[in-house]
Amino acid sequence: MPAPSRTSDGAAPAALSARAVTKRYGALLANDGIDLDVRPGEILALLGENGAGKSTLVKILSGLVRPDSGEVSVGGAPLPAGDPQAARAAGIGVVHQHFMLVPDMTATENVALAQGTTGRYDAAAIRARLVEIGERHGMRVRPDVPVEALPVGERQRIEILKCLLGDARVLLLDEPSAVLSPAEWDRLAEVLAELAAAGLAIVLITHKLGEIAAVADRCTVVRGGRVVDTVEVGATPPEEFARMMVGRDVVLRTERPVVPPGPVVLHVDGLTLARYRGDRDLGPVDLRVRGGEVLGVAGVEGNGQSELADLVAGVRTPTAGTVTVTARTGGGPGRTGTIAEDRHCDGLALPLSVTDNLMMRAIGEPAFSRAGVLRPGRIRRHCADLVARFDVRTTGLDTPVASLSGGNQQKIVLAREMHGEPDLLVAAQPTRGLDVGAIEFVHAQINAHKTAGGATLLVSAELDEIFALSDRIAVMSSGRVVAVLDAADATRDRIGELMAAGAEGATP
Amino acid sequence: MRRLAVDRRALRGAAVSLLAVVLALAVSLLVIALSGAPVGDAARAMWDGVFGSPAQFGATLTKFVPLVLAAVGWVVASRAGRLNVGLEGQILAGGTTAAVVGLHLSGLPMAVHLPLAVLAGAAGGAALGGIAAWLWARRGVNDFIATLLLTLIMTQIVSWLANGPMEEPTGTLGQSSPVADSARWPVLLARTTLRWDIVLVVVVVLAAAYVLRRTVVGYRLRLTGANPSAAKATGTRTRLVGVGALCTSAAVAGVAGSSLVLAAPAGNLAPGFSANYGFDGIVVALLARNNPLACIPAALLLAALRQGGGLMEARVGISSGLVTATQAVVILLVTGSAWLVERRRSRRPAATAAEQPARVTEGAHS
Ligand SMILES: Nc1ncnc2c1ncn2[C@@H]1O[C@H](COP(=O)(O)OP(=O)(O)OP(=O)(O)O)[C@@H](O)[C@H]1O
Ligand SMILES: [Mg+2]
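What you are looking at is a predicted structure, and each value in this text was computed from that prediction instead of being measured. (Residues numbered from 1 in each chain as written. Chains lettered and ligands numbered in written order. Predicted model: local features only at pLDDT ≥ 70, side-chain atom pairs only at ≥ 80, totals over all residues. Heavy atoms only, no water.)

Draft legend 1. Local environment of the overall build of chain A. When helices and strands are counted, chain A shows 16 helices and 21 strands. A globule of 508 residues ought to have a C-alpha radius of gyration of about 23 Å, and chain A, at 23 Å, matches this closely. Overall, chain A is about 75 × 50 × 50 Å in size when its C-alpha atoms are taken along their principal axes. Taken over 508 residues, chain A has a buried fraction of 56%. For chain A, the share of sequence-separated contacts (at least 6 apart) that also reach a separation of at least 24 residues comes to 68%. Across chain A, 53 positive and 63 negative side-chain charges occur, with their mean positions spaced 4 Å apart. (Helix = DSSP H or I, 4+ residues; strand = E, 2+ residues; numbered from the N terminus. Rg over C-alpha atoms; globule rule 2.2 N^0.38 Å. Buried < 20%, exposed > 50% of the residue type's maximum accessible area, 1.4 Å probe, protein only. Contact = heavy atoms within 4.5 Å. Lys, Arg positive; Asp, Glu negative; His and termini not counted. Charge placed at Lys NZ, Arg CZ, Asp CG, Glu CD.)

Draft legend 2. Up close: the sheet that holds strand β18 (residues 424-428) of chain A. All names here are of chain A. Pairing is mixed across the open sheet formed by six strands, whose spatial order is β15-β18-β19-β13-β20-β21. Either end of the sheet is taken by a strand with one partner, and the two such strands are β15 (336-339) and β21 (480-486). For this sheet, the mean angle separating the axes of adjacent strands, direction not counted, is 15°. In the sheet, strand β13 (residues 294-299) pairs with strand β20 (residues 472-477) via five bridges, with the strands oriented parallel. Across the sheet, the residue bridging to Gly296 is Ile473, located in β20. Across the face of the sheet, helix α16 (residues 492-500) comes into contact with β13, β20 and β21 while running at roughly 30° to β20. (Pairing = 2+ DSSP bridges. Axes fitted to C-alpha atoms, helices over the stretch in contact; angles between N-to-C directions.)

Draft legend 3. Local environment of the packing of helix α2 (residues 39-52) of chain B against helix α12 (residues 295-316) of chain B. All names here are of chain B. Across the interface, α2 lies against α12 with an axial gap of 7 Å and an inter-helix angle of 130°. Compared by their axis directions, α2 and α12 come out oblique. When the axes of α2 and α12 are compared, the crossing they make is right-handed. Contacts between α2 and α12 pair Asp41, Ala42, Arg44, Ala45, Met46, Asp48, Gly49 and Val50 from the former with Ala304, Leu305, Gln307, Gly308, Gly309, Leu311, Met312, Arg315 and Val316 from the latter. (Parallel < 35°, antiparallel > 145°, perpendicular 65-115°, else oblique. Left-handed = near helix turned anticlockwise from the far one by under 90°.)

Draft legend 4. Here's a closer look at the nonpolar core. All names here are of chain B. Core analysis: the largest hydrophobic core is formed by 87 residues, its most contacted members being Phe64, Leu262 and Ile318. Looking at this core, the element that brings in the most residues is helix α3 (residues 54-79), giving twelve residues. In this view, Leu262 contacts Ala98, Leu114, Ala117, Val118, Val179, Ala183, Arg184 and Trp185; residues no more than four positions away in its chain are not counted. (Core = buried A, V, L, I, M, F, W, Y, C linked by side-chain atoms within 4.5 Å.)

Draft legend 5. Quick look at the interface of chain A and chain B. Counting from both sides, the interface comprises 41 residues of chain A and, opposite them, 29 residues of chain B. Summed over both partners, the interface of chain A with chain B comes to about 3,100 Å²; 60% of that surface belongs to carbon and sulfur atoms. Put simply, chain A and chain B have one salt bridge between them. Run the count over chain A and chain B and you get eight residue pairs in polar contact (both at pLDDT 80 or more). For the side of chain A that touches chain B, the secondary structure elements donating two or more residues are α10 (343-347), α11 (354-358), β17 (373-374), α12 (376-389) and α13 (406-418) of chain A. In terms of residue count, α10 of chain A provides more of the side of chain A that touches chain B than any other element does, four residues in total. (Buried area = accessible area lost by both parts, 1.4 Å probe. Salt bridge = Lys/Arg side-chain N within 4 Å of Asp/Glu carboxyl O. Polar contact = N/O pair within 3.5 Å; in protein donor to acceptor, adjacent residues only side chain to side chain.)

Draft legend 6. Looking closely at the packing of aromatic side chains. Residues and elements named next belong to chain B. Taken as a whole and assessed by the stated rule, the structure comprises three aromatic pairs over all chains. Measuring from centroid to centroid gives 5.8 Å for Phe51 and Phe57, while their planes differ by 25°, and the two rings are stacked. Owing to a relative accessible area of 34%, Phe57 belongs among the partly exposed residues under this scheme. Among the aromatic residues, those joined into a ring-pair cluster are Trp47, Phe51 and Phe57. (Phe/Tyr/Trp six-rings, centres within 6.5 Å; stacked < 30°, edge-to-face > 60°.)

Draft legend 7. Inspection of the site of ligand 1 at higher detail. As a structural note, the neighbourhood of ligand 1 is formed by 21 residues, with Gly51, Ser55, Thr56, Ser405 and Gly407 of chain A the closest of them. This site is not confined to one chain, since residues near ligand 1 come from chains A and B. Interatomic distance of 3.3 Å between a side-chain N/O atom of Glu175 of chain A and an oxygen atom of ligand 1. Side-chain polar atom of Ser405 of chain A to an oxygen atom of ligand 1: 2.8 Å apart, as the coordinates give it. Protein contact buries 96% of the 640 Å² of open area that ligand 1 shows by itself. Taken together, the elements giving at least two residues each to the shell around ligand 1 come down to β2 (28-38), α1 (54-61) and α13 of chain A together with α14 (348-355) of chain B. If you tally residues by element for the shell around ligand 1, the top one is α1 of chain A, at three residues. (Near = heavy atom within 4 Å. Areas by Shrake-Rupley, 256 points an atom, 1.4 Å probe, with all protein chains shown as cover.)

Draft legend 8. Up close: the pattern of salt bridges. All names here are of chain A. On inspection of all chains with the given rule, the structure shows 31 salt bridges over all chains. The shortest N-O distance in the salt bridge between Asp385 and Arg389 comes to 3.4 Å. Of this pair, Asp385 and Arg389 both sit in helix α12, four residues apart, roughly one helical turn. Connected through shared salt-bridge partners, Arg39, Glu42 and Arg218 make up one network.

Draft legend 9. Up close: the pairing of strand β7 (residues 170-174) of chain A. Residues and elements named next belong to chain A. Burial runs high along β7: five of the five residues are buried. Note: strand β6 (residues 92-95) against β7, four bridges, orientation parallel. Paired with Ile92 across the two strands is Val170, which belongs to β7. For β7 and strand β8 (residues 201-205), the ladder comprises five bridges, and the chain directions are parallel. Following the sheet pairing, Leu172 is matched in β8 by Val203. A crossover connection joins β7 to the parallel β8 through helix α6 (residues 182-197); in handedness this β-α-β unit is right-handed. (Right-handed = clockwise from strand over helix to strand, strands pointing away.)

What follows is the structure, encoded as structure tokens:
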């Protein structure tokens, strides 16, 4: 028996600790001797670049992945490696980066499933507890609606409740805020603070430094699978975090270039989509976006921004109205690149290789095939170039995209869609799940696209991002564009007011 | 576009499959022993059935040909995410059209007549598959159900044709006359049933592997199968791909059907000539894990089981039910062991699989 784990300063025994955890994937060391401690009642942030090994660590801590070496212990008692049941029984609850809910089952059924009930179970009792615990922590969920019909924020609450109903004493959250609107994050932050006060140990993975400052007590920074340092949050300025994580200074604010507007590239006329989410209608929407211009679309989640992006990108068919894209030179049809909001559904083929995923759009170009036969040499060179330019961290071009880290999957989509200078870029949550270094890079790419005369429709839940990139800002509420403001006239308050006016919240 | 690491995995997979086959045969003998039959005789009969004589071996290879073709048919459709369970019907359709061309065209040299008959078989299969594809694409009918129902209909049509319009002149045998000699595959091994149609296997398997890996069409097909929404969003016409895959799959099955007529000893159209090859082809494809090249060893295994089992039944008097059960044991063990090994070897694939949302790849019209 090893001695009960104590944190370095010896304050309180750790609720959960990892010692020298190492995990190798082929030639890649995803985790390289990671040490980590969380005390009861503490919120520990885990910060690191895309591909630094955070999700891998979470999977090891929760028994989903067996480490090559190293040990995980809960309250001093070692856990058997690679045994999710044992981890759950020891009180480790996880909310994964990509949710693990069965889509056509209700919240109640999903919770019952997670409790490992076999055969008959008391649905009424589970439902009652779900509602009760949800009420107690201010996390309302609808227990009888199939999960697939619920908004992401609510699905996440189900994931958290699933852990709490399983009597979790340690809660691991892998990028919970990536799918949340700012308001939903504020609610979650309150909940986390409450849970910590009640004695839970919480590990929070996030790329947003503001969130760390808001809720975390300490922060462990990882880079390239190793722990760089663990610091007290209160005593560390944000730039310092960014530097530790990326290993260089990061410009947190980019300068927005002003480009003389070109001809109109995107024409949206009378665009309507009936009943996009059950009972709400979208539109009619009329918009114009010129070359060299970024139009940001702001709104509370669920007010039609995502659907607008889908319609403009052509992945959904409108009930009425038209979307026309003309070339930036002023005549002829234009090309569209799309960064889909739900990358797993519309952006990637997870079982296929990095190469295959990078070629989805370009495959039809004459450079990559001759008489219908692929030219593997050229394709590989093209993909290797994209991988290098967009800094995709992967073990190789033949690696299935499913095994890439979340942020690196997003970079694949970006690299593919920005290739070949599209006339219009539809960017829905383009930096969701990216680290600050990668965000800086993507913003620079969007600005470069704009400087080169391309038009951009940007949908983002991050008001900061909208302000940083947009020349004009359209505010959506209840499926309509209620105002289009010049960036110069737009203030946070003004936009907030417009969003709220007649807005229907994400959760009814 | 693949590299070493993948090849090593494939090799390990092959080794495991081989081991499972040996194990499965042992288990089968045990089952036979438990049933009270003489094990030694049964094993010898099985061996003789496959390798005992050139005739037996030729017969095994004869069964192998339609099995591989049907399996490749399945692979082509399922890589695109379509389930063509109606290979059996498409075999019947292809055999029928091949027989029509073989019977009613005459005076042609073999170099023209035989290829024509084979192509007619492909066209016949594709036509039946095309109906299913149309129902799927335009009417939203599930491809699984459409192809299956068409098979039931096709079975009736063939039996009616063989007993009516296409029956031989005496009208008593319930089958057609043999097709013209110029439309029949020449014998490859004297005194065996093996004919030159086995070259079709090489051509079709290589073509399928090449197209899937190396061409734009094959790429779009794999992409559509892997995630239709993403494929569609990035400019692949997924519906067209689905229709194309179903038709091609059915055309390959049609070629298998043409072989079952043009390379059969009787060389004519008889009811039920498809002899379940369409369904066994699916099993072969599953054993081969949808890899066209792997269909060859998988089909050899199944052909040997069919052929050896036949002799075991005849010589040792083991009931046909038991023979079928034996074959099922082999198939279960081979597919099951590969799956088990993959799960046990590391939890990595399991973890990534779990990471995906459960129903990414199911299109609205699947
Ligand atoms: N199953 C796997 N097979 C091969 N490589 C893997 C696998 N899972 C993860 N990796 C690799 O391990 C590295 C760490 O991945 P991980 O998902 O832990 O990163 P992360 O820190 O969570 O990044 P992100 O912020 O982008 O989510 C990545 O380079 C990834 O490609
Ligand atoms: Mg991650």
